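Breakdown of the fold
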Amino acid sequence: DLDGDGHLDLAVACEHTERVLVVPGNGDGTFQAPVGYLAEQRPFHVAVVDLEQDGKPDLVVANYGSDSLSLFKGLGGGSFAAALSCRSGREPYAVTAGDLDGDGFPDLAVANSDNRGVSVMLGNGNGTVRLANEHQVGQIPVAVAAADLNGDSFADLLVSAVEIDGISVLLGHGDGKFHPPVNYYFARFTNSIAVGDLNGDDHPDVVVTSAHGIDHISVRLGNGDGTLQGVNYFYGGRHPGDASLADLDGDGNLDLVVTNWDPSQLNVLLGHGDGTFDALVGYETGSVPRSVAIADLNADGIPDLAASLEEADAVSILLGLGKGTFGPPTWFGVGEYPQSVAVDDLDLDGIPDLVVSNNLTDNASVLFGLGDGTFGERLVLRVGRRPFGVAVDDLDGDQFPDLVVASYWSDTISLLTNKGDRTFRPAVEYGLGRGPFSVVISDLNGDQKPDLAVTIRDSDNVSVLLNRMGGNGADPAVGRQPGGVER
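What follows deals with the overall build of the protein chain. For the protein chain, the helix and strand inventory stands at zero helices and 42 strands. The C-alpha atoms of the protein chain give a radius of gyration of 25 Å, which matches the 23 Å a tight globule of 487 residues would have. Seen through its principal axes, the protein chain has C-alpha atoms that stretch 85 × 45 × 40 Å. Within the protein chain, the proportion of its 487 residues that are buried is 55%. Excluding contacts between residues fewer than 6 apart, the proportion of contacts in the protein chain whose partners are at least 24 apart in sequence is 40%. Accessible surface, the protein chain: about 18400 Å² in total, of which carbon and sulfur atoms supply 50%. Charge separation in the protein chain, taken as the distance between the mean sites of 27 positive and 71 negative side-chain charges, equals 7 Å.

Written out as C-alpha cells, the structure is:
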C-alpha cells in the first residue's frame, strides 16, 4: 500500500524504458493509470521499504545496466521524490530489505549477477545506505597493509592511494572498526607498502614505492603512538614497484627487495638497522617483475626470492647465496599476465609453495615446492575476472592455508578453502565495490581469527570483512553461520 488508502498498489521495474512505474490499486482488482519515475540503465528489480522509518514507503530499484541502486524517497500519497543513486556490485539483479545488523534500521542485500556475489548495504536511518564496513581513503587506493602502529595490540590499516601521493593510516578500535584516516605524504604516485621495524626500536616503520617513473623509495619511521616521522628517500631504481622486507644477510636488520620493470630486475637494498640502506644491487629476473615474495625455498637457511613476471607468464626464482646476494633466475610457467605472488606451505609438507594470480586467464596458479628451489605439480584455480591481489592464511581453522584473490573486473574477492589434499574447494565470490585490487589478511577485531581488508580502487575505499567461519573447513557462503565472512 504505497499511498495509505488501504489498497494494495504495484511498483514495476521497466528495463527498456529505464523507469519504475507506480500503479495505484482501486481495491477491486483494478488499477489506475501508472505514474513513471526515472531510474537508471536497465532497472531489473524493485523493493518497497521504509528506509527513513517515517511511515512512508520508499522504493529501491536495482539497475542492472549501470551497476547501481536508485532510491526513491516516499513523499506520501503514493508519490516519490527523484531518485538518489548509489553504486552496487556489477549487474545488480535483485534486492531485498531487512535489519541485517540489529541497529533497528532497514538494510539492503543486493544480488549481483556478473560477479556472483551479494552486496550488503547498511541503512543509515535517513533514507541513505552505505556498503557495510567500508572506510573512505584517498583516491585510487592500490595497496593495503596491517600492523599495530600504536602499541594497543589492535591491528591498524595502512592504505596507499595514488591521488594523495601517500598513505592513509586508519587506527583500529579492536572490533573490526577504525578511526577516520590520517593521511601522510610520501611521494608522487604511491604504490606498494611494506611495514617492519627498520631501526630496532620495536615500532613499525613504513616503506612506500612509487609508480610512473618515480625513482626513489620513501621511508617514514614510526613513533609507536600511531604517528609517523618525516619522510626520507632512497634510490630504488628507475621504475620501482612491489616491495618486501626480510633479513636477507643474517645480520638481524631488515633489508628491502623491490621489483623494477626498466630494466627488469629485483633491486636489493641491505638495511643498516637505523632506518637507512646501502645502495641497491640489481638482479636480473626476466620481463617484467610485478610482485616479489621472500622465503627459504631450498631449505638451506638462506632467504630466496620469487617474482611474478608479467610479460613472461612465469615466476622467476632467485636462490640466496648468503650475505644478501642471489644467483641467476630460474623460470616456472604460470598463467597469462601474472600479478601478485604469495608463498606458504599449502600442503603442510614443510616445503614452501607459491600462489600466483593470473590477470588475463582469470585464474590462480598453485605451484607445489619440491624442497630444492624448484616446483613440480601445478594447480590452476578459477577465480573472478582480472585478478590482481592474492593472500594466503588459514581462514577456517583447519591448519591448512586458504586463498583469497581480489578480482578487479568482477568486483569480487574469491575465497578458496584448502581441502588438505593439494586441492581446493571451488571459489566462493564476495561482491564488493568497484575494482578490488589488493588484499591483506590480519586479525582486525581481536577474536583470534584472520580477517580481510581489501582496497577498492575505483571506489576510493578499503572494505573490511570479518571472519565468521567455523573450524571445520566447510564451504563458506554469505549469510550462512558458521561459514563465510561478514562485512
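Turning our eyes to something else, we now look at the packing of aromatic side chains. Within the structure shown, the criterion is met by eleven aromatic pairs. Look at Tyr408 and Phe437: their rings are 6.1 Å apart centre to centre, the planes differ by 80 degrees, and that puts the pair in the edge-to-face class. Here Tyr408 is found in the loop between strand S36 (402-407) and strand S37 (412-416), whereas its partner Phe437 is found in strand S39 (residues 436-442), with 29 residues between them in sequence. Given the relative accessible area of 15%, Tyr408 is considered buried. Its relative accessible area of 19% is what places Phe437 among the buried residues. An aromatic cluster of three or more residues is present, and its members are Tyr37, Phe72 and Phe80. For the cation-ring pair, Arg386 lies above Trp409, with the distance from its terminal atom to the ring centre recorded as 4.3 Å. The aromatic ring of Phe368 is capped on one face by Arg422, whose charged end is 4.3 Å from the ring centroid.

Another aspect to go through is unusual backbone geometry. Note the cis peptide between Asp262 and Pro263, where omega equals 0 degrees. Tracing the sequence through the fold places Pro263 in the loop between strand S24 (255-261) and strand S25 (264-269). Residue Val288 follows Ser287 across a cis peptide bond; omega there is -15 degrees. Looking at the secondary structure, you find Val288 in the loop between strand S26 (281-284) and strand S27 (289-295). Non-glycine residue Asp411 carries a positive phi angle of around 55 degrees. With respect to the helices and strands, Asp411 occurs in the loop between S36 and S37.

Take the pattern of salt bridges next. Counted under the stated rule, the structure contains ten salt bridges. A salt bridge links Lys73 to Glu52; the nearest nitrogen and oxygen atoms lie 2.3 Å apart. Placement of Lys73 in the loop between strand S6 (68-72) and strand S7 (74-76) and of Glu52 in the loop between strand S4 (43-49) and strand S5 (58-63) is noted, with a sequence separation of 21 residues between them. Accessibility expressed as a relative area gives 35% for Lys73, which makes it partly exposed. A network of salt bridges, in which partner residues are shared, links Asp347, Asp349, Glu377 and Arg422.

Glancing now at the sheet that holds S37. Within the open sheet, the four strands sit side by side as S35-S36-S37-S38. Their pairing is antiparallel. Edge positions in the open sheet fall to strand S35 (387-393) and strand S38 (428-431), since each of these has one partner strand only. Averaged over neighbouring strand pairs, the angle between their axes works out to 20 degrees when direction is ignored. Sheet topology note: the S36/S37 ladder contains five bridges and is antiparallel. Counted as the bridge partner of Leu403 is Leu416 from S37.

What follows concerns the nonpolar core. Residues Leu395, Val404, Ile413, Leu452, Val454 and Leu465 are the most contacted members of the largest nonpolar core, which totals 16 residues. Ranked by residues supplied to this core, first place goes to strand S40 (residues 451-456) with three residues. If you look at the next biggest cluster of nonpolar residues, it comprises 15 residues, including Val366, Phe368, Leu381 and Val392.

With seven of its seven residues buried, strand S23 (residues 240-246) lies for the most part within the structure. The pairing of S23 with S24 spans five bridges and is antiparallel. Paired with Ala243 across the bridge in S24 is Val258.

We now examine the confidence of the model for the protein chain. Per-residue confidence for the protein chain gives a mean pLDDT of 89; residues scoring 70 or more make up 94%. In this model, residues 472-487 is a region of pLDDT below 50 whose contacts with residues beyond four sequence positions or in other chains number 50 contacts.

About the cut-offs
- Residues numbered from 1 in each chain as written.
- Predicted model: local features only at pLDDT ≥ 70, side-chain atom pairs only at ≥ 80, totals over all residues.
- Heavy atoms only, no water.
- Helix = DSSP H or I, 4+ residues; strand = E, 2+ residues; numbered from the N terminus.
- Rg over C-alpha atoms; globule rule 2.2 N^0.38 Å.
- Buried < 20%, exposed > 50% of the residue type's maximum accessible area, 1.4 Å probe, protein only.
- Contact = heavy atoms within 4.5 Å.
- Areas by Shrake-Rupley, 256 points an atom, 1.4 Å probe, with all protein chains shown as cover.
- Lys, Arg positive; Asp, Glu negative; His and termini not counted.
- Charge placed at Lys NZ, Arg CZ, Asp CG, Glu CD.
- Phe/Tyr/Trp six-rings, centres within 6.5 Å; stacked < 30°, edge-to-face > 60°.
- Lys NZ or Arg CZ within 6 Å of the ring centre and 35° of its normal.
- Salt bridge = Lys/Arg side-chain N within 4 Å of Asp/Glu carboxyl O.
- Pairing = 2+ DSSP bridges.
- Axes fitted to C-alpha atoms, helices over the stretch in contact; angles between N-to-C directions.
- Core = buried A, V, L, I, M, F, W, Y, C linked by side-chain atoms within 4.5 Å.
- pLDDT = per-residue confidence, 0-100.

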